[in-house]
Amino acid sequence: MADIKLTLVVACALIDADKRVLLAQRPEGKALAGLWEFPGGKIEPGERPEQTLIRELHEEIGITVSEPCLAPLTFASHAYETFHLLMPLYICRRWEGLAVAREGQNLAWVRASKLRDYPMPPADIPLLPHLMDLLL
Ligand code: C5P
């Protein structure tokens, strides 16, 4: 069997007081440009997923999250052509600071009923029913 590259990414559904979820649009020049995803990023060697999220959410959208505010919800597992993506999805309802796009990406706060209007990477789509169960 050929070696399969495993890519570990962690993502977070930030849920605001109006039960809206933050989506970020992947910028031009990146794989899957234009698609909307839950913010997050690659888990660096030695990091726990919670540490990755704290780092990435600060770098990408300028908010400060602490570990007790992060709760695991489910996993995405998707076979892309050149790698297998394993991506836990966390939820977070409390953070400090206002979410601003620090890397030129578009951001959108989206109600559960509208989430399917935002085209997403194939790995993210199976996550939606889990999130909707939580929001309805
Ligand atoms: O964000 P980054 O480019 O580092 O993610 C690595 C890969 O993981 C992407 O090329 C994309 O294929 C996949 N990914 C995904 N869904 C996400 C985040 C990343 O499918 N929400």
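The model shown is predicted, which means the values in this text are computed figures rather than measured ones.

S.K.: Please explain the UniProt feature "domain: Nudix hydrolase" (unreviewed entry) in the protein chain as it appears in this structure.
M.R.: As annotated in UniProt, the feature "domain: Nudix hydrolase" (unreviewed entry) corresponds to residues 5-133 in the numbering used here. Secondary structure across residues 5-133 comprises 15% helix and 34% strand; the distance between its end C-alpha atoms is 32 Å.

S.K.: Help me understand the nonpolar core in this model?
M.R.: Burial of nonpolar side chains together is a common tendency in soluble globular proteins. Counting residues in each nonpolar core, the largest one holds 25 residues, and the members touching the most others are A13, V21, L23, F38, M87, L115 and L131. Looking at this core, the elements with two or more residues in it are β1 (6-14), β2 (20-25), β6 (84-92), β7 (107-111) and α2 (128-135). With sequence-adjacent residues up to four places away left out, V21 is seen in contact with A13, L14, I15, F38, A108, W109, V110, L115, L131 and L135.

S.K.: Even after reading the chapter, I still don't get unusual backbone geometry, so can you show me in this structure?
M.R.: With glycine set apart, most residues show a phi of negative sign, and most peptide bonds adopt trans. The phi angle at K19 is positive, at roughly 60 degrees, despite the residue not being glycine. In this structure, K19 sits in the loop between β1 and β2. Although it is not a glycine, L32 adopts a positive phi angle of roughly 60 degrees. Here L32 is to be found in the loop between β2 and β3 (36-37).

Conventions we followed
Residues numbered from 1 in each chain as written. Predicted model: local features only at pLDDT ≥ 70, side-chain atom pairs only at ≥ 80, totals over all residues. Heavy atoms only, no water. UniProt positions renumbered as here; feature names shortened; annotations may be inferred. Helix = DSSP H or I, 4+ residues; strand = E, 2+ residues; numbered from the N terminus. Core = buried A, V, L, I, M, F, W, Y, C linked by side-chain atoms within 4.5 Å. Buried < 20%, exposed > 50% of the residue type's maximum accessible area, 1.4 Å probe, protein only. Contact = heavy atoms within 4.5 Å.

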